[in-house]
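One letter stands for each residue in the lines below.
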Amino acid sequence: MTVVTGARRRALRDGDRQIDTAHLLHSLIESDPDVGAAFEGGHQLARVLGYLVQRSIGYGLRWQRSVEDSGARRLLPAARGAETRDTRASDWSPAASVALEEAFRRAAERGEPQARAVDLLAVVAADPGSRAVEVLRRAGVDPVALAARAADRASADRASAGPGTGFGDAGAEVAALEEGIVPQRDGRPSQQV
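What you see is a predicted model, and the numbers here were worked out from it, not measured in a lab. (Residues numbered from 1 in each chain as written. Predicted model: local features only at pLDDT ≥ 70, side-chain atom pairs only at ≥ 80, totals over all residues. Heavy atoms only, no water.)

Undergrad: Looking at this structure, how should I read the overall build of the protein chain?
TA: When its secondary structure is counted, the protein chain shows 11 helices and 4 strands. For the protein chain, the proportion of its 193 residues judged to be buried stands at 50%. Once local pairs closer than 6 in sequence are excluded, the contacts in the protein chain between residues at least 24 apart make up 67%. Roughly 8900 Å² of accessible area belongs to the protein chain as shown, and the carbon and sulfur atoms make up 52% of that amount. (Helix = DSSP H or I, 4+ residues; strand = E, 2+ residues; numbered from the N terminus. Buried < 20%, exposed > 50% of the residue type's maximum accessible area, 1.4 Å probe, protein only. Contact = heavy atoms within 4.5 Å. Areas by Shrake-Rupley, 256 points an atom, 1.4 Å probe, with all protein chains shown as cover.)

Okay, structure coming up:
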């Protein structure tokens, strides 16, 4: 849940219409050490963070007036069910919404009730048309290799994933996102900002 809250906070701070995959990437990096470990080193991570921090003053300004609708809706299986939803009115970009759903699907396939941050990183880095991938490329990170390393980490021994590494219950989180409500850590719902 920390990832979702952090991404929402970043979108508000940047003055963006929707929470997109670059907001998710920024929040993932800041909230989970497993995500940082999926990068090839601290230098790569620092460059990505540098680009993400510049978003509100640099190249990201052109994103403020547009909706992130990458190829994710066509490429990811989770997008098939999302096609009928009106994502224009959502607080989530279509690509970010699909990425969250796909991360939950991956976790469910492993029999885990929560998606891990590296699940979401793997999905975000695998969408070639996403804003997160644009940031990764600008920072000199190979998104395909990053997605593979993140997927490997997500599939690694579940026992090593201690408490707090998940970011939500798959079914409840997706349903809450569709309704515009995101549960807080104490279980009480809160209206999505």
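Undergrad: Hey, could you run me through helix 1 (residues 2-14) in this one?
TA: Structurally, the α-helix is built with 3.6 residues per turn, so residues lying three or four positions apart point the same way. Over its 13 residues, helix 1 extends 18 Å from the first C-alpha to the last, a length consistent with the 18 Å expected when each residue adds 1.5 Å. Those residues of helix 1 that fall on the buried side of the exposure criterion are Val3, Val4, Gly6, Ala7, Arg8, Arg10, Ala11 and Asp14. Of the residues one or two after helix 1, glycine 15 is the one with positive phi, at around 75°. (Expected span 1.5 Å × (residues − 1).)

Undergrad: Any chance you could explain the pattern of salt bridges here in plain terms?
TA: Side-chain pairing between opposite charges can occur once the charged atoms of the two side chains come close. This structure, assessed with the given rule, holds 11 salt bridges. With a closest N to O distance of 2.3 Å, glutamate 102 and arginine 105 form a salt bridge. One end of the pair is glutamate 102 and the other is arginine 105, both in helix 7 (residues 94-109) and 3 residues apart, which spans about a single turn. Residue glutamate 102 is classed as buried on the basis of its relative accessible area, which comes to 2%. (Salt bridge = Lys/Arg side-chain N within 4 Å of Asp/Glu carboxyl O.)

Undergrad: Teacher, can you tell me more about the packing of helix 8 (residues 117-126) against helix 10 (residues 143-155) here?
TA: Helix packing for two helices is described by the angle between their axes and how far apart those axes are. Following both chains from N to C, one finds helix 8 and helix 10 inclined at 155°, their axes separated by 8 Å at the closest point. With respect to helix 10, the axis of helix 8 lies roughly antiparallel. Viewed along their axes, helix 8 and helix 10 form a crossing whose handedness is left-handed. Contacts between helix 8 and helix 10 involve Val118, Asp119, Leu121, Ala122, Ala125 and Ala126 from the former and Pro143, Leu146, Ala147, Ala150, Ala151, Arg153 and Ala154 from the latter. Of the residues in the contact of helix 8 with helix 10, the class split is 11 nonpolar, no polar and 2 charged. (Axes fitted to C-alpha atoms, helices over the stretch in contact; angles between N-to-C directions. Parallel < 35°, antiparallel > 145°, perpendicular 65-115°, else oblique. Left-handed = near helix turned anticlockwise from the far one by under 90°. Nonpolar A, V, L, I, M, F, W, Y, C, P; charged D, E, K, R; others polar.)

Undergrad: What should I look at first to understand the nonpolar core in this one?
TA: As a rule of thumb, nonpolar side chains are buried together in soluble globular proteins. With 41 residues, the main nonpolar core has Leu25, Phe39, Val48 and Leu120 as its most contacted residues. Among the elements of the structure, helix 1, helix 2 (21-31), helix 4 (42-53), helix 7, helix 8, helix 9 (131-138) and helix 10 are those that each provide at least two residues to this core. (Core = buried A, V, L, I, M, F, W, Y, C linked by side-chain atoms within 4.5 Å.)

Undergrad: Help me understand helix 8, please; the structure alone is not making it clear to me.
TA: Counting buried residues in helix 8 gives 9 out of 10 residues, a clear majority hidden from the surface. Three or more residues of helix 8 are buried, namely Ala117, Val118, Asp119, Leu120, Leu121, Ala122, Val123, Val124 and Ala125.

Undergrad: Sorry if this is basic, but what is going on with the side chain of aspartate 16 here?
TA: Mapped onto the elements of the fold, aspartate 16 is located in the loop between helix 1 and helix 2. Residue aspartate 16 is classed as buried on the basis of its relative accessible area, which comes to 12%. Reaching out from aspartate 16, the side chain makes a polar contact with the side chain of histidine 23 at a distance of 2.8 Å. (Polar contact = N/O pair within 3.5 Å; in protein donor to acceptor, adjacent residues only side chain to side chain.)

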